[in-house]
Structure formats: C-alpha cells, structure tokens
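Given next are the chains, with one letter for each unit.
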Amino acid sequence: MMCLPLCFTYLLAEGYDFNKLATFAKQKYGDEAHDDFIELQQLVATLKNSPESEKLSQINNFFNRKITFAEDIHVWGQTDYWATPLEFLGLRAGDCEDFSIAKYVFLKAAGVSNDKLRLVYVRAEMLENNRTVIRAHMVLSYYASPQSDPLILDNLVPHISSASSRKDLSPVFSFNDKGLWIGNSTKPKSNPESNLSKWRDVLMRMRADGIE
C-alpha cells in the first residue's frame, strides 16, 4: 500500500492524475469503475520500465478485456460521440474511437512516445451476412521508427499485428495530439485540433478529468 501515493505522484508529474480519475470514477460510476482505474494505475506503474512490446500487449489486452463494444447510438444516444477514457471505462462500453483513444492515452502514460502513436481512420473490410462490406473504423498504430511498418491495435482483432498483414484495412488519415497525416504520408499536414472538432472536444474533456 505504501507504493500507491508514490505512484500517484509520479503519474501526476507525467500529466496523468490517477487520483483525480479514480475519485471521479467513483463519484460518477461507482466502486467498480474506481477499482478499474486503480487496476489501470497499477498496470501503468508496473509497465514504466518494460519493453515497449510489453506495454503494447498489456494496454491493448486491458481495454479489449474490460470493455464491451457498443455503438454510440446505444451508449450515448448519438451517432458519433468520442468518449473520454473516464467515460469509456466508467461505462465499460464504447466503439472503435473510444478503444483507440484510451489505448493511446495510457500507452503515453506508460512511457511510449507520442511520436510513435497515431489514431488511424481506416476503411475496413468486414463480413456481414455472408458478404463483404466496407465500414469506417478506427485503430491505434505504433511506429517503432518513423519509417517502420506500424503495428495495429484493434478492438475487433485481439492480437497485435503489422499494418502490412492487415489487408482488410485501408488508411484514410491518422493523427495524434501533434499532427495530422493523410493516407500513408510520412509528414504531417496540419494541426489536428484545428481540423478535427471531435478530437479538440475530447482533449478538453480529458484535461478536465485529469489527463493532460
């Protein structure tokens, strides 16, 4: 128990106030949500000195295991809502954007550089009623180096795989909190907050929750 205040202090210094998140989770969603954030805090603290492959695997598994996929219309009564990690984990339900945002946020908390992570909008080939359809989808990509074949973290596919092996996905654009890329471009085109209102909105709400 003595390590918890130290862990909270360390993560607060990194811009993640887990104490505030856990308190808000308890107030808004109850004891189970509070306990989930404590579990996540302990996982992030454990992963601080781990190889990045382990960080990717553990954070990906945490959210894929905890959260049930659900369309925004069923969770929020809206066709397109980007939830904060507090809302996402508090309700234990969300769609592809919510999975990708939460994984992005807490991989950064675990020490993965922002430069290696991008949220990617893709056209995804999916099988529905025995026929292939194209759906808009979001995944999180990880670049070991700027020119490397990225790894894909996806709520629909439990294992992490390379982008080149995911023939079912075609990138449209990608972004993080520093840049916006079109297709497979290696250079950012613009400021994402200026061009993506939903991203700007969810960043503001995350900051209010205790995530910088």
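Read on for an overview of the structure.

**What to know about the overall build of the protein chain**
Then step 1. Within the protein chain, the regular secondary structure consists of nine helices and eight strands.
Then step 2. In the protein chain, 55% of the contacts between residues at least 6 apart in sequence involve partners at least 24 apart.
Then step 3. Of the roughly 10600 Å² of accessible surface on the protein chain, 52% is carried by carbon and sulfur atoms.

**Structural notes on the packing of helix H2 (residues 18–29) against helix H3 (residues 31–47)**
Then step 1. Running from N to C, H2 and H3 cross one another at 160°; their axes reach a closest spacing of 6 Å. The orientation of H2 with respect to H3, classified from their angle, is roughly antiparallel. When the axes of H2 and H3 are compared, the crossing they make is right-handed. Listed contacts from H3 to Phe18, Leu21, Ala22, Ala25, Lys26 and Tyr29 of H2 are Asp31, Ala33, His34, Phe37, Ile38, Leu40, Gln41 and Val44.
Then step 2. Looking at the contact of H2 with H3, its residues break down into ten nonpolar, two polar and two charged.

**Quick word on the sheet that holds strand E4 (residues 131–142)**
Then step 1. Taken together, six strands build an open sheet; the order of strands is E6-E5-E4-E3-E7-E8 and the sheet is antiparallel. On the outer flanks of this sheet lie strand E6 (161–162) and strand E8 (180–182), each paired with one strand and no other.
Then step 2. Note: strand E5 (residues 151–153) against E6, two bridges, orientation antiparallel. Note on E6: the bridge partner recorded for Ile152 is Ser161.

**What about the pattern of salt bridges?**
Then step 1. On inspection of all chains with the given rule, the structure shows 13 salt bridges.
Then step 2. A salt bridge links Lys66 to Glu39, with the shortest nitrogen-to-oxygen separation between them at 2.8 Å. In this pair, Lys66 sits in helix H4 (residues 52–66) while Glu39 sits in helix H3, placing the two residues 27 residues apart along the sequence.
Then step 3. On the basis of relative accessible area, Lys66 is assigned to the buried category, the value being 13%.
Then step 4. On the accessibility criterion, Glu39 (30% relative accessible area) is partly exposed.
Then step 5. The network of salt bridges with shared partners includes Glu32, Asp36, Glu39, Arg65, Lys66 and Arg92.

**Brief notes about H4**
Then step 1. A rise of 1.5 Å per residue sets the reference length of H4, with its 15 residues, at 21 Å; its end C-alpha atoms lie 21 Å apart and thus fit the reference within 8%.
Then step 2. Inspection of H4 places Lys55, Leu56, Ile59, Asn60, Phe62, Phe63 and Lys66 among the buried residues, and these make up the whole buried set. Buried residues of H4, seen end-on, are gathered within an arc of 155° and therefore sit on one face of the element. Residues of H4 that are exposed and angled more than 90 degrees away from the buried face: Ser53 and Arg65.

**So, the pairing of strand E7 (residues 169–175)**
Then step 1. When strand E3 (residues 117–128) meets E7, the two strands line up antiparallel, connected through six bridges. Bridge assignment links Ala124 to a residue of E7, and that residue is Leu169.
Then step 2. Summarising the sheet, E7 and E8 pair through three bridges and their orientation is antiparallel. In the sheet register, Phe173 faces E8, and the bridge partner there is Ile182.

**Quick word on unusual backbone geometry**
Then step 1. In this model, Asn129 sits at a positive phi of 55°, which is unusual for a non-glycine residue.
Then step 2. Within the secondary structure layout, Asn129 lies in the loop between E3 and E4.
Then step 3. Owing to a relative accessible area of 74%, Asn129 belongs among the exposed residues under this scheme.
Then step 4. With phi around 65°, Asn130 is a residue other than glycine that occupies positive phi space.
Then step 5. Examined against the element boundaries, Asn130 turns out to sit in the loop between E3 and E4.

Definitions and cut-offs
Residues numbered from 1 in each chain as written. Predicted model: local features only at pLDDT ≥ 70, side-chain atom pairs only at ≥ 80, totals over all residues. Heavy atoms only, no water. Helix = DSSP H or I, 4+ residues; strand = E, 2+ residues; numbered from the N terminus. Contact = heavy atoms within 4.5 Å. Areas by Shrake-Rupley, 256 points an atom, 1.4 Å probe, with all protein chains shown as cover. Axes fitted to C-alpha atoms, helices over the stretch in contact; angles between N-to-C directions. Parallel < 35°, antiparallel > 145°, perpendicular 65-115°, else oblique. Left-handed = near helix turned anticlockwise from the far one by under 90°. Nonpolar A, V, L, I, M, F, W, Y, C, P; charged D, E, K, R; others polar. Pairing = 2+ DSSP bridges. Salt bridge = Lys/Arg side-chain N within 4 Å of Asp/Glu carboxyl O. Buried < 20%, exposed > 50% of the residue type's maximum accessible area, 1.4 Å probe, protein only. Expected span 1.5 Å × (residues − 1). Arc of directions from axis to C-beta.

By themselves, these figures tell us nothing about what the structure is for.
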